[in-house]
Amino acid sequence: MLENKTILITGGAMGLGEAIVRQLAAKGARVAIVDANIDAAEALVAQLPAARAYRADVASAADMEQVCAAIAADFGGIDGAVNNAGVGGEFGPITACTQANWDRTIAINLTGVFNSLRAEIPHLIAAGGGAIVNMASVAGVAAEEALPAYIASKHGVIGLTKSCALDYGAQGIRCNAVCPSFVKTPMTLAGIPDPAIWDQIAASHPLRRLVTAEEVAETVLFLLDTGGITGAAYMVDGGITVR
Ligand SMILES: NC(=O)c1ccc[n+]([C@@H]2O[C@H](COP(=O)([O-])OP(=O)(O)OC[C@H]3O[C@@H](n4cnc5c(N)ncnc54)[C@H](O)[C@@H]3O)[C@@H](O)[C@H]2O)c1
């Protein structure tokens, strides 16, 4: 039951995070949106009375420690977390991947999940256990052309998810990952502006359509709420990784 549970979500201001926030709020959860874009987070909170917005950069361990302490104080604890914040990185194969692109993508997508887990876990233990969902990607189980830093970061997120499940299961913490295929969000629409490319991407899925942000959010809520599943990486990919 998510009703009256306090759920922290990073990157909750827009895109997949916003869809997850809206579904959590509809289930009666108390939602703490942690985002680098505080203006966007506050604009969303203005529509959702049970949510609050917090500014933090997941790449900063200090930010995540401070924000988790603030959320626990404001809400009286933390029951669950969705580590969703991420960036796409720049296109190009390994020899064209700049140090800056590698460092930024790994710092946000992989170290950001590590920073988030390290800050969240003591609060979940204090609450007697809880559930965590990390946002990986189909890029966490298979490579795509010309995205080496993103691919490496998302494979790492699945590894961290398994590590967390193994080390904290005895303390009542479940940790799972979700692996979406291409979903139209501010991130992907900026990277792929041409509608004809989106049509091709949709047709390449066995379902012959794109996955929606709402479908990703439904899977995140299922993994937060259900028991018995930990260390898993759930594909929400329209079947694109079955080949
Ligand atoms: N959209 C897709 O097709 C897709 C597919 C698979 C996985 N994902 C993953 O889902 C997650 C969300 O993606 P999206 O498409 O909704 O992106 P988005 O850019 O639309 O939204 C990302 C959110 O994260 C926040 N954010 C970015 N960097 C941050 C940081 N350093 N600290 C705190 N907040 C930060 C942004 O402000 C924004 O609110 C990412 O981890 C992404 O890799 C997306």
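Further up the page is the structure itself.
Worth saying up front: this structure is predicted, and the values here are computed from it rather than measured.

Considering the site of the ligand
Around the ligand lies a shell of 29 residues, among which Gly11, Gly15, Gly86, Thr185 and Met187 are the nearest. Every element with two or more residues in the shell around the ligand is listed here: helix 1 (15–26) and helix 7 (186–191). Classifying every residue of the shell around the ligand by side-chain character gives 16 nonpolar, 11 polar and two charged.

Considerations on the pairing of strand 2 (residues 30–35)
Across the six residues that make up strand 2, a large majority, six, are buried. The side-chain alternation of strand 2 yields two buried faces, one formed by Arg30, Ala32 and Val34 and the other by Val31, Ile33 and Asp35. Sheet topology places strand 1 (residues 6–10) next to strand 2; five bridges connect them, and they run parallel. Counterpart to isoleucine 9 in the pairing with strand 2 is isoleucine 33. Handedness of the crossover is the feature at issue here: the chain leaves strand 1, passes through helix 1, returns alongside strand 2, and the resulting connection is right-handed. As for the winding sense of the linkage, the β-α-β connection from strand 2 through helix 2 (residues 38–45) to strand 3 (residues 51–55) is right-handed.

Concerning unusual backbone geometry
Most peptide bonds are trans, and most residues other than glycine sit at a negative phi. Phi angles above zero are rare outside glycine, and alanine 146 is one such case at about 65 degrees. By the secondary structure assignment, alanine 146 is in the loop between strand 5 (130–135) and helix 6 (148–168). Residues other than glycine seldom take positive phi values, yet arginine 208 does so here, at roughly 60 degrees. Here arginine 208 shows up in the loop between helix 8 (195–203) and helix 9 (213–225). Of the residues examined, arginine 208 has 10 C-beta atoms within 10 Å and is grouped as exposed.

A closer look at helix 4 (residues 99–109)
Residue pairs spaced three or four apart in an α-helix point in one direction, given the helix's 3.6 residues per turn. Thr105, Ile108 and Asn109 are the residues of helix 4 that are buried. With its buried residues spanning 85 degrees around the axis, helix 4 presents them on a single face. In helix 4, the exposed positions angled more than 90 degrees off the buried face are occupied by Gln99 and Ala100. In this structure, the buried residues of helix 4 make contact with helix 5 (111–126) and helix 6.

Concerning the pairing of strand 4 (residues 80–83)
Of the two faces of strand 4, the one carrying Gly80 and Val82 and the one carrying Ala81 and Asn83 are both buried. In terms of strand pairing, strand 1 meets strand 4 through four bridges, oriented parallel. Paired with isoleucine 7 across the two strands is glycine 80, which belongs to strand 4.

Looking at the nonpolar core
In this structure, Val31, Ile33, Val178, Val216 and Val220 are the most contacted members of the largest nonpolar core, which totals 76 residues. At nine residues, the largest contribution of residues to this core is made by helix 6. Among residues more than four places away in sequence, those in contact with isoleucine 33 are Ile9, Gly12, Ala13, Val21, Ala41, Leu44, Val45, Ala51, Ala53 and Tyr54.

How each quantity is defined
Residues numbered from 1 in each chain as written. Predicted model: local features only at pLDDT ≥ 70, side-chain atom pairs only at ≥ 80, totals over all residues. Near = placed C-beta within 6 Å. Helix = DSSP H or I, 4+ residues; strand = E, 2+ residues; numbered from the N terminus. Nonpolar A, V, L, I, M, F, W, Y, C, P; charged D, E, K, R; others polar. Buried ≥ 20, exposed ≤ 12 C-beta atoms within 10 Å, placed from the backbone. Pairing = 2+ DSSP bridges. Right-handed = clockwise from strand over helix to strand, strands pointing away. Arc of directions from axis to C-beta. Contact = placed C-beta atoms within 7 Å. Core = buried A, V, L, I, M, F, W, Y, C linked by C-beta atoms within 7 Å.

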